[in-house]
Amino acid sequence: MSIDLTSAASFMAAHARVLDRRRFEAATGGGDAAKRALVAALDGYRNADGGYGWGLEPDLRATESQPGGAQHALEVIADAAPVATPHLGSLLDWLDAATLPDGGLPFALPIADTTACAPFWAQADPTESSLQITAAIAARAHRVARQDATVLDHPWLQAAMRYCFDAIGRIDTAPFAYVLSFSLQLLDAAADSQPEARDLFAHLGRYVPGDGAVPVDGGSEGETLHLLDYAPEPGRPVRELLDPAAVARDLDRLEGGQLADGGWDVDYASYSPAAALDWRGYVTANAVAVLRMNGR
C-alpha cells in the first residue's frame, strides 16, 4: 500500500480549515516557514485571557476559552517545534487559573451560547475535575516541554501531574476508552522526566487489548480508538506495551484508510456541518504525519 500525497493535498485545499492546511504543510516538509505560519494560524483562536476557543475543538464552537481549546492549542504548539509561540506562558497561566483545588481541570467551563456544541461539552460539570481532559492537556504540555523545559516547572503542570498520577493509580477496572488513551499518552510523554510515569505503565497497561483497539462505550456504532491514537510515535515507551505486529497492522489500517477524495474520515459523530469538515481535515493531517513518522 501507499498513500497519495497529491490527492491528500487536494483534499485539504478543498475541505480543510486554514489551521489544518498549515499542519499538513508542516507535516509534509514545509520546514520552519510552514511552522511559523502554523503558529500564526493558531493565534486566530486565541482570547485575551490567554486561553483558546472559537471552535479550535471542532465540536466546541463557543467563543470562550475552554480546556478543550487548550488541548488543541498545545498540540499545535508541539507540532510547530522548534518554532515557538510568545503566548505559551499566558496559556499555562490560564490553565492554572482554570484548575480546581484538587489539581484537575473541569471537562468544560460554562458556555454562554451552546450552538453547535456537543452535549458532552455543553452539559459538563465545571466544578468536577476530569482525568480525561487533564491528562490530554498535560500530555501535550509534556510534548511542548521537549523543546522548552521551563514548561515542566510551571505550577499548573506540577499540580496537574500530581492529580493525574494519583487518579491513574486508583484505576481498578477498565477505564473509558478516552480516559485510557489520554492517560497512556500522558504517561508516555511524561516518562522522559518523571520516573513515576514509567511505574504506572504496568498498572495501566493491563487494560490495553492485544490488538490495541479500544471500543468507545456509548459512542457511535463501531467507534473505536486504535493503537496509533495513543501510540503514534516509534521508539516511545508506550510502544513497549504493544506487539510490534499489532503496530504494523494498525499502520496498514491507517494507510488503507485514505478515501477516494484524498482524505481520511472519522468514526464518531460530529455536531455541525462545519465540525464534520474540520474533523476530516484534522484527521487527514494527523494520518499523514503519523504515517510519515513511521516510515510509510
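In what follows, the accompanying structure is described. Each chain carries its own residue numbering, running from 1 in the direction its sequence is written. Local features in a predicted model are, by the rule used here, given only for residues with pLDDT of at least 70; side-chain atom pairs are given and counted only at 80 or more, and totals for whole chains, interfaces and linings are based on all residues. Just so you know, side-chain values use all the structure's heavy atoms and leave hydrogens and water out.

### Notes on the packing of aromatic side chains
- Note on aromatic pairs: the rings of Phe, Tyr and Trp (six-membered ring only in Trp) are paired at centre separations within 6.5 Å, and the planes decide the class, stacked below 30 degrees, edge-to-face beyond 60, tilted for the rest. Enumeration according to the criterion identifies eight aromatic pairs in this entry.
- Clustering of aromatic rings is evident, with ring pairs tying together Phe 107, Phe 120, Trp 121 and Tyr 271.

### Focus: helix α12 (residues 244-255)
- Labels follow the DSSP assignment, with helices taken as runs of H or I lasting at least four residues and strands as runs of E lasting at least two, numbered in each case from the N terminus. The span one expects for a helix is its residue count, reduced by one, times 1.5 Å. For α12, with twelve residues, the first-to-last C-alpha span of 16 Å sits near the 16 Å given by 1.5 Å per residue.
- Each residue gets one of three labels from its accessible area relative to the maximum for its type: buried under 20%, exposed over 50%, partly exposed in between, using a 1.4 Å probe on protein chains only. Turning to α12, its buried residues number three or more, namely Ala 246, Val 247, Asp 250, Leu 251, Leu 254 and Glu 255.
- Between two residues, a contact is recorded if the distance between any of their heavy atoms is within 4.5 Å. Residues of α12 that are buried make contact with α11 (227-230) and α13 (273-293).

### Points about the environment of Asp 43
- Following the sequence through the fold, Asp 43 ends up in the loop between α3 (31-42) and α4 (67-80).
- Separated by 24 residues in sequence, Asp 43 and Leu 19 place their C-alpha atoms 9.7 Å apart.

### Points about the packing of helix α1 (residues 5-15) against helix α2 (residues 18-27)
- At a closest axis distance of 9 Å, the pairing of α1 and α2 adopts a crossing angle of 160 degrees. Compared by their axis directions, α1 and α2 come out roughly antiparallel. Judged by the sense of rotation from one axis to the other, the crossing of α1 with α2 is left-handed. Across the interface between the two elements, Leu 5, Ala 8, Ala 9, Met 12 and Ala 13 from α1 touch Asp 20, Arg 21 and Phe 24 from α2.
- Counted by class, the contact of α1 with α2 contains six nonpolar, no polar and two charged residues. Note on geometry: axes are C-alpha line fits, over the in-contact stretch for helices, and angles between N-to-C directions span 0 to 180 degrees. Oblique is the label for any angle not under 35 degrees, not over 145, and not in the 65 to 115 range, which are roughly parallel, roughly antiparallel and roughly perpendicular in turn. By convention, the crossing between two helices is left-handed when the near helix turns anticlockwise from the far helix through less than a right angle, and right-handed when the turn is clockwise. All amino acids are sorted into three groups, where Ala, Val, Leu, Ile, Met, Phe, Trp, Tyr, Cys and Pro are nonpolar, Asp, Glu, Lys and Arg are charged, and the leftover types, Gly among them, are polar.

### Details of unusual backbone geometry
- Backbone torsion omega between Ala 81 and Pro 82 reads 10 degrees, so that peptide bond is classified as cis.
- Position of Pro 82 relative to the elements: it lies in the loop between α4 and α5 (88-98).
- Here the phi dihedral of Trp 54 falls at roughly 60 degrees; this positive angle occurs in a residue that is not glycine.
- Along the chain, Trp 54 turns up in the loop between α3 and α4.
- You can call Trp 54 partly exposed: its relative accessible area is 48%.
- One non-glycine residue, Ala 116, lies in the positive phi region at around 65 degrees.
- Relative to the helices and strands, Ala 116 resides in the loop between α5 and α6 (119-122).
- Of the residues examined, Ala 116 reaches a relative accessible area of 24% and is grouped as partly exposed.

### Notes on the pattern of salt bridges
- By salt bridge we mean one thing: a side-chain nitrogen of Lys or Arg within 4 Å of a carboxyl oxygen of Asp or Glu. This model, assessed by the stated rule, comprises 16 salt bridges.
- Residue Asp 250 is joined to Arg 253 by a salt bridge in which the shortest nitrogen-to-oxygen separation is 2.6 Å. Of this pair, Asp 250 and Arg 253 both sit in helix α12, three residues apart, which is roughly one turn of the helix.
- Using a relative accessible area of 6% as the deciding quantity, one classes Asp 250 as buried.

### Considering the side chain of Ser 130
- Assignment of secondary structure puts Ser 130 in the loop between α6 and α7 (131-145).
- Counted as a polar contact is a pair of N or O atoms within 3.5 Å, where, for protein atoms, one must be capable of donating a hydrogen and the other of accepting one, and residues adjacent in sequence contribute only when both atoms are in side chains. A polar contact of 3.3 Å, which involves the side chain of Ser 130, links it to the backbone nitrogen of Gln 132.
- Residues in contact with Ser 130, not counting those within four places in the same chain, are Leu 105, Pro 106, Phe 107 and Tyr 163.

### A short note on the nonpolar core
- Working definition of a nonpolar core: buried Ala, Val, Leu, Ile, Met, Phe, Trp, Tyr and Cys residues. They are joined through side-chain atoms within 4.5 Å. Of all hydrophobic cores here, the largest spans 100 residues; its most connected members are Leu 74, Leu 95, Leu 131, Trp 156 and Tyr 230.
- The dominant element in this core, judged by the number of residues it contributes, is α7, at ten residues.
- Setting aside its immediate chain neighbours within four residues, Leu 131 contacts Tyr 163, Cys 164, Ala 167, Ile 168, Ile 171, Val 179 and Ser 183.

### With respect to the environment of Leu 186
- By the element assignment, Leu 186 lies in helix α9 (residues 177-190).
- When the C-alpha atoms of Leu 186 and Met 161 are compared, they prove to be 9.0 Å apart, with 25 residues separating the residues in sequence.
- Excluding residues that lie within four positions of it along the chain, Leu 186 makes contacts with Ala 135, Ala 138, Ala 139, His 142, Met 161 and Cys 164.

### A look at α13
- Helix length check: α13 (21 residues) gives 31 Å between terminal C-alpha atoms against 30 Å at 1.5 Å per residue, within 8%.
- Looking one or two residues past α13, Gly 295 carries a phi angle of roughly 80 degrees, positive in sign.

Function cannot be read off these values alone, since they describe shape.
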